Amino acid sequence: MPQSIVTDDLDAVLHELPTLSVEQTAPRRLKVCIKAETLPALLELLKGSSGYLHLSAISCVDWPDTEEFELVYHLWSYEVKQLVSAHIWIPKQPGRFVSVYDIHAPAAFFERDIHEMFGVHFEGSPNLEPFILTEWYGPPPMLKSFNSRAYVEETFQWQQYSPEWLKELEAKGGGIVE
Amino acid sequence: MSQTVIPIHQPSADHNPDTDIACRTVEPQEKNLLRRVIDRVADHCRARSLFILHYCTGCGAIELPPTITSRFDSERLGIQPMVTPRQADILLITGYLSVKTLKRVILTYEQMQGPKYVIGMGSCSINGGMYWHSYATVKRLQEYMPVDMYIAGCMPRPEAIQQGFLQLMAKIDRGEGTAWKDYYHNYNTYLGHQQALFGPDWHTPTDVIAEARHYDLLSDNTLGEHTDLLAKFASEYVTHPIPSAKAIPRSTS
Ligand code: SF4
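Below or above, wherever it landed, is the structure these notes cover.

Calculation criteria
- Residues numbered from 1 in each chain as written.
- Chains lettered and ligands numbered in written order.
- Predicted model: local features only at pLDDT ≥ 70, side-chain atom pairs only at ≥ 80, totals over all residues.
- Heavy atoms only, no water.
- Pairing = 2+ DSSP bridges.
- Helix = DSSP H or I, 4+ residues; strand = E, 2+ residues; numbered from the N terminus.
- Axes fitted to C-alpha atoms, helices over the stretch in contact; angles between N-to-C directions.
- Contact = heavy atoms within 4.5 Å.
- Buried area = accessible area lost by both parts, 1.4 Å probe.
- Salt bridge = Lys/Arg side-chain N within 4 Å of Asp/Glu carboxyl O.
- Nonpolar A, V, L, I, M, F, W, Y, C, P; charged D, E, K, R; others polar.
- Near = heavy atom within 4 Å.
- Buried < 20%, exposed > 50% of the residue type's maximum accessible area, 1.4 Å probe, protein only.
- 1 Å grid on protein atoms, 1.4 Å probe; cavity = no way out; pocket = protein on both sides within 12 Å on 5 of 7 lines; lining within 4 Å.
- Points joined across faces, edges and corners; volume = space filled by probe spheres on them.

## What about the sheet that holds strand β1 (residues 50–55) of chain B?
Residues and elements named next belong to chain B.
Here comes step 1: Spatially, five strands are ordered β2-β1-β3-β4-β5 in an open sheet, and the strand pairing comes out parallel. What marks the edges here is a single partner per strand, and that holds for β2 (79–81) and β5 (149–151). Strand-to-strand twist of the sheet, defined as the mean angle between neighbouring strand axes without regard to direction, takes the value 30 degrees.
Here comes step 2: As judged from the three bridges shared by β1 and β2, these two strands associate in the parallel manner. Across the sheet, I52 pairs through a bridge with P81, a residue of β2.
Here comes step 3: Sheet strands in contact with helix α5 (residues 158–173) are β1, β2, β3 (90–93), β4 (117–121) and β5, and its direction is about 165 degrees off that of β5.

## Quick word on the interface of chain A and chain B
Here comes step 1: Between chain A and chain B, the residue contacts involve 20 residues of the former and 21 residues of the latter.
Here comes step 2: A per-residue breakdown of the area chain A buries against chain B is headed by E135, F156 and Q159 of chain A, which together make up 41% of the total.
Here comes step 3: Across the contact surface, chain A and chain B share two salt bridges.
Here comes step 4: Put simply, E135 of chain A and R104 of chain B hold a salt bridge, and the shortest N to O gap is 3.8 Å.
Here comes step 5: Sorting elements by how many residues they give to the side of chain A that touches chain B places helix α4 (residues 148–155) of chain A first, with five residues.
Here comes step 6: Looking at the side of chain A that touches chain B residue by residue, the class counts come to 12 nonpolar, six polar and two charged.

## Details of the site of the ligand
Here comes step 1: Taken together, C59, G60, G95, Y96, G122, S123, C124, M130, G153, C154 and M155 of chain B form the complete shell of residues around the ligand.
Here comes step 2: The residue inventory of the shell around the ligand, partitioned by class, reads six nonpolar, five polar and no charged.

## A short note on the pattern of salt bridges
Residues and elements named next belong to chain A.
Here comes step 1: Under the defined criterion, the tally for this structure stands at 12 salt bridges over all chains.
Here comes step 2: Measuring nitrogen to oxygen at the nearest pair gives 3.1 Å for the salt bridge that ties R96 to E123. Within this pair, whereas R96 is found in strand β6 (residues 96–98), its partner E123 is found in strand β7 (residues 121–123), the two being separated by 27 residues in sequence.
Here comes step 3: On the basis of relative accessible area, E123 is assigned to the partly exposed category, the value being 39%.
Here comes step 4: With a closest N to O distance of 3.9 Å, E153 and R149 form a salt bridge. One end of the pair is E153 and the other is R149, both in helix α4 and four residues apart, which spans about a single turn.

## Structural notes on empty space enclosed by the protein
Residues and elements named next belong to chain B.
Here comes step 1: Across all of its chains, the model carries one cavity of 30 Å³ or more by this definition.
Here comes step 2: Of the pockets and cavities examined, the largest cavity occupies roughly 40 Å³.
Here comes step 3: Lining the largest cavity are Y187, H203, T204, T206, D207, V208, I209, L230 and V238.
Here comes step 4: In terms of residue class, the lining of the largest cavity is made up of five nonpolar, three polar and one charged.

In structure tokens, the structure reads:
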């Protein structure tokens, strides 16, 4: 086990909140699991006291068994050069959570992205318009319940293929190189 | 029964057969022959000076720099990259097309001037390649625009691309590089496929129907139920009145 990376500042922050678990996953990474409603407070405290200024990503995981979304907020500190990943779980229905745009401005993009890929609604997010999928009319495509293959089967047609074509190519001196 | 011979040109005061080049009416088939000879010469020349617009959508684009620059030097075939669609002859689509980029490709394609050629390069443009079960990528490019040639491979080596270029040149030289006309002949079908992906209000700023009329390429399938939707959603871009599929006189060909 490497030496603990929980600095005094961080320790103080984590003691202020009802933390579910803290685990060091790599020499510079800390996994913190907390209750969803305490997340904005955690971000504020981390930003204020420990220099975790950079929200580098928000990721989302769809857990079909427990009917939950796991949201992971990745925070980087340039002072102590460590990454804290804050994990929270929200129920899939109604799939709503608060925006952290007021704490970290880059959250706007991440939330917009998660909204379009998973359908999570972030209250207070400045813009939840389609971002990448502007030509998309289906359900949020990153959901486990979305069957990409079935969608493709009914939306697109397959190219015809004839094995004769390869023979024609080989007759011309082409073909597949092993 | 007496036969009257009608002289082709009547000598008259204001008509001098020695200087007047329009002294003889040109027969239609003769005109066609002349046009065909000119076309053949033009095709022959055209095949030797092609400009490609490389639409680098996918990873296959990485094989283009060696193809174009000194190593394989496609310029010795007379093929050079070009920066704008309006000056390009070949639209080279180098890999997977997401639905979103397809939209841009269609806009680009319609800006190119005829005769134009489309090469789909890499497995992805043929059947989706390794993205075959992705909801976001298009599977068959030829549904959305006429494709002259596909170059298979993931990704094709510069040799294969050169080979493809040579085959396309030979095809143009033979006068067979006419796939672009199909876009006008079957605009209704192509537009229908596009609308299936982008929704019924999809349209481009290009007035393809007017172009088809200009090139004299209107056919049975240029107009139809899908182009009728243009009248509804794209009226500001289409020449008025938009001919309805029912109202247009059918060409006999
Ligand atoms: S065919 Fe292969 S190299 Fe080309 S875009 Fe697809 S995955 Fe990339």
